[in-house]
Amino acid sequence: TNGAVDGRNIGRQLVSDSVEKTNENATETDVADYIVTLLPLETKLGISFSVKMSAASSATAKFYLEGANTGSNYDSFSAETTALRTQGFSSTTGITYGPEESNYIVDIPTELQGRLCRVRVTLQNNTDTSYIKNISIISTRTYGAAFSSKYSDTAPQLPSELGG
């Protein structure tokens, strides 16, 4: 039979990038692209990253998902993009956003499940320079995602004999 395995702590690491990216412009600027293959029935992404500013200012980091154009297109991705996550920040010492954040898990649009996609990362500043690094993206399913964020209200409780 065909099916999907769904369980606690089941997921795949799609992106692991510790290289720092910067933006010195006031316009939204692409700072990273990651080509990923999403599997059929993967429905959730977990996005973690670290950001900071060079001075007391503010900026925004955005993550977009774009499906590959099929057929005779080479290195071409859909102009129709899905905004996965937008995060404003203003710290000069740095902030890390990860599984402890309530917006860590995002939905994969149905039409992009099981497809070759590009995750595009942008930074936009008000002034000064913004930085992003330690980008980590995992893919999972609903049950695994429920355990990925400590703020999830859908996570089933463990039996008491297992520490729940």
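Conventions adopted
Residues numbered from 1 in each chain as written. Predicted model: local features only at pLDDT ≥ 70, side-chain atom pairs only at ≥ 80, totals over all residues. Heavy atoms only, no water. Helix = DSSP H or I, 4+ residues; strand = E, 2+ residues; numbered from the N terminus. Buried < 20%, exposed > 50% of the residue type's maximum accessible area, 1.4 Å probe, protein only. Polar contact = N/O pair within 3.5 Å; in protein donor to acceptor, adjacent residues only side chain to side chain. Contact = heavy atoms within 4.5 Å. Pairing = 2+ DSSP bridges. Axes fitted to C-alpha atoms, helices over the stretch in contact; angles between N-to-C directions. Phe/Tyr/Trp six-rings, centres within 6.5 Å; stacked < 30°, edge-to-face > 60°. Lys NZ or Arg CZ within 6 Å of the ring centre and 35° of its normal. Core = buried A, V, L, I, M, F, W, Y, C linked by side-chain atoms within 4.5 Å. Salt bridge = Lys/Arg side-chain N within 4 Å of Asp/Glu carboxyl O. pLDDT = per-residue confidence, 0-100.

(A) A look at the side chain of Q87. Locating Q87 in the fold gives a position in strand β6 (residues 82-89). Of the residues examined, Q87 reaches a relative accessible area of 13% and is grouped as buried. Here the side chain of Q87 touches R85 through a polar contact of 3.0 Å, side chain to side chain. Sequence-distant contacts of Q87, defined by excluding residues within four places in its chain, comprise F49, A59, T60, A61, Y97 and N103.

(B) Representation of the sheet that holds strand β3 (residues 29-37) within the structure. What the four strands build is an open sheet, ordered β3-β9-β5-β6; its pairing is antiparallel. Both edges of this open sheet fall to β3 and β6, since each of them pairs with a single strand only. Taking each pair of neighbouring strands and ignoring which way they run, the sheet shows an average axis angle of 15 degrees. Pairing between strand β5 (residues 59-67) and strand β9 (residues 116-125): nine bridges, direction antiparallel. Bridging from a neighbouring strand, G67 pairs with C117 of β9.

(C) Inspection of the packing of aromatic side chains at higher detail. The tally for this structure, following the rule as stated, stands at two aromatic pairs. Ring centres of F49 and Y97 lie 5.3 Å apart, and the angle between their planes is 40 degrees; this geometry places the pair in the tilted category. One end of the pair, F49, is in strand β4 (residues 44-53); the other, Y97, is in strand β7 (residues 95-97), and 48 residues separate them in sequence. Among the aromatic residues, those joined into a cluster by ring pairs are F49, F63 and Y97. Looking at K52, its charged tip hangs above the ring of Y131, at a distance of 5.4 Å from the centre. The ring of Y64 is capped by R120, whose NZ or CZ atom sits 4.6 Å from the centre of that ring.

(D) Representation of the nonpolar core in the model. Among the nonpolar cores identified, the biggest contains 28 residues, and F49, F63, L65, F89, V121, I132 and I135 are the most heavily contacted of them. Going through the elements one at a time, β3, β4, β5, β6, β9 and β10 (130-140) are the ones with two or more residues in this core. Broken down by element, this core gets its largest block of residues, five residues, from β4.

(E) A look at the pattern of salt bridges. Across all of its chains, the model carries seven salt bridges by this definition. Two residues, K21 and D17, come together in a salt bridge whose shortest N-O distance is 2.7 Å. For the pair formed by K21 and D17, the shared burial category is buried. Among the salt bridges present, the one from D30 reaches R120, with a minimum N-O distance of 2.9 Å. Of the two residues, D30 is situated in strand β3 and R120 in strand β9; the sequence distance between them amounts to 90 residues. Judged by its relative accessible area of 15%, R120 is buried. What you see here is one network of salt bridges that share partners, running through D30, E66, R118 and R120.

(F) Up close: the confidence of the model for the chain. Mean pLDDT over the chain stands at 83; residues scoring 70 or higher make up 80%. Looking over the chain, one finds the lowest element-wise mean pLDDT in helix α1 (residues 142-148), namely 59, and the highest in β3, namely 95.

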